[in-house]
Amino acid sequence: MTAGAFGTEWSVKYNQQEICALKGSTVFMNGTFTHPEHLTVNETFWTLDQHQKTNLSKGAEPQNRSKDPDYSGRVEFFTDDQKHFSLKLSDVMKKDEHQFCFRIKTNVEKERWTGEPGVQLRVTELHVEAPEEVTEGETADLTCKTTCSLTDPTFIWYKNGRPLTTKTIKNNQLHLQTVSSEDAGSYSCAVGRSQHLRSTAHSFRVRYPPKRVSVSISPSGEIVEGSSVTLTCSSDGNPPVKNYTWYKEGGTSPVGSGHSYSIINITADHTGLHYCEAQNDHGALNGTVMVTVKSQSWSAVWFAVGGGGFLLITVLICICWISRKKRPSDKHGDENADPKAQDETYTALQPTARSSDDVYHTLAAVQSCSPDDTYTALDPRSSSPECDTLAFLVGSSSWSLDRSSSSSQTGSHFSFLSHFSSCFLGHSSA
């Protein structure tokens, strides 16, 4: 404040001598002024302190910031009749860090005034200061830092782009009491009324032991003996798990290692609970899977063998019967044979040639006789112990293919074929 020519005074008062502004924000510099009453104010504007001193030393007028290309479109001046003034500076930049002074020009060339010292503008950005990595269970503080002191800021914290509302925020700090793996993420901060001007994101990492260990089987579905399977272990941990060890329940020694464990030509002995141990620098955790191996079913094999054997026997019986029917009659046999017996034999094969009483009599006789007598009645001349055995086996009901008796049945099949071959060859050579 300086006295004028007639006792009046010059004065320029700023509301703030120093302003801290965020880069990209809008700032206001306000104040009031007075001048000698006999003077008329022709022009008021804002200038920079360094330009003021430089230009005045050269006898030149300080430059109006509104006419500076660096501030074009970013500054606005306001004054009123009560001698209030204001400067609005938009999109604040780092290069705007200067001292801004209010300049008054009057109708008298030598009566001009600059309010010094002016308003010092400082420009800052937000950045998060925090440890790069902590171990689960520890405590951590994240700080939203500035290079100058903002006026009454309200700090807002974001994790992965979303505002945090459940954490403790004190002034410019975010306090994490007991860090967990869920706290890992990207953190940034902002201040109220300028939420769009966030800090650069800070990556916060948490070290923790393996979690969520799981085991998968490939291929999926039923596991049959003789096939191959691969067990794969996966987990979540920081640092990532590199050591996987495989065990089978009941065993003390590892059965494999690595991310995957393959079993070639699997057997029923592999049935049971398998588990992998995932381990990193901060701990270990197991994942389990049940492996069930199904034995191969032999019922289909025995059915095929039995069915084929039955078909073969049927064909051989037909061939034997046809060969016997077409065999030339032995002359001596025909002469010595009892004609009546031959007639009775063929009559037995042709029931229609007998009376009703005879038919039923024959059937009754066949039913009551032993298996050997039954087949002897069909051909009493050609009976033999081997053929008797054949007839008995064909007539029996021992063709069951039940799994529990498959071995004994197989022996019976081979015994039968042996007897049948002897019978067939013997009659063929007769």
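On a predicted model such as this, the values are computed, not experimentally measured, just so you know. (Residues numbered from 1 in each chain as written. Predicted model: local features only at pLDDT ≥ 70, side-chain atom pairs only at ≥ 80, totals over all residues. Heavy atoms only, no water.)

**A short note on the environment of K94**
You can see K94 is positioned in the loop between β7 (84-89) and β8 (99-106). Its relative accessible area of 47% is what places K94 among the partly exposed residues. It is 5.6 Å that separates the C-alpha atoms of K94 and V123, two residues lying 29 residues apart in sequence. Side-chain polar atoms of K94 contact the backbone oxygen of V123, separated by 2.9 Å. (Helix = DSSP H or I, 4+ residues; strand = E, 2+ residues; numbered from the N terminus. Buried < 20%, exposed > 50% of the residue type's maximum accessible area, 1.4 Å probe, protein only. Polar contact = N/O pair within 3.5 Å; in protein donor to acceptor, adjacent residues only side chain to side chain.)

**Observations concerning the state of the cysteines**
Overall, the coordinates contain 3 disulfides when judged by the stated rule. Disulfide partner of C144: C189, at an S-S distance of 2.0 Å. A torsion of 70° about the S-S bond marks the disulfide between C144 and C189 as right-handed. Of the two residues, C144 is situated in strand β13 (residues 140-145) and C189 in strand β18 (residues 185-191); the sequence distance between them amounts to 45 residues. Overall, the relative accessible area of 1% leaves C144 in the buried class. The class of C189 is buried, set by a relative accessible area of 0%. With a sulfur-sulfur separation of 1.9 Å, C233 is cross-linked through a disulfide to C276. Here C233, found in strand β21 (residues 229-238), pairs with C276, found in strand β25 (residues 272-280); they are 43 residues apart in sequence, far enough to count as distant. Take C233 and C276: they sit in the same class, and that class is buried. (Disulfide = S-S within 2.5 Å.)

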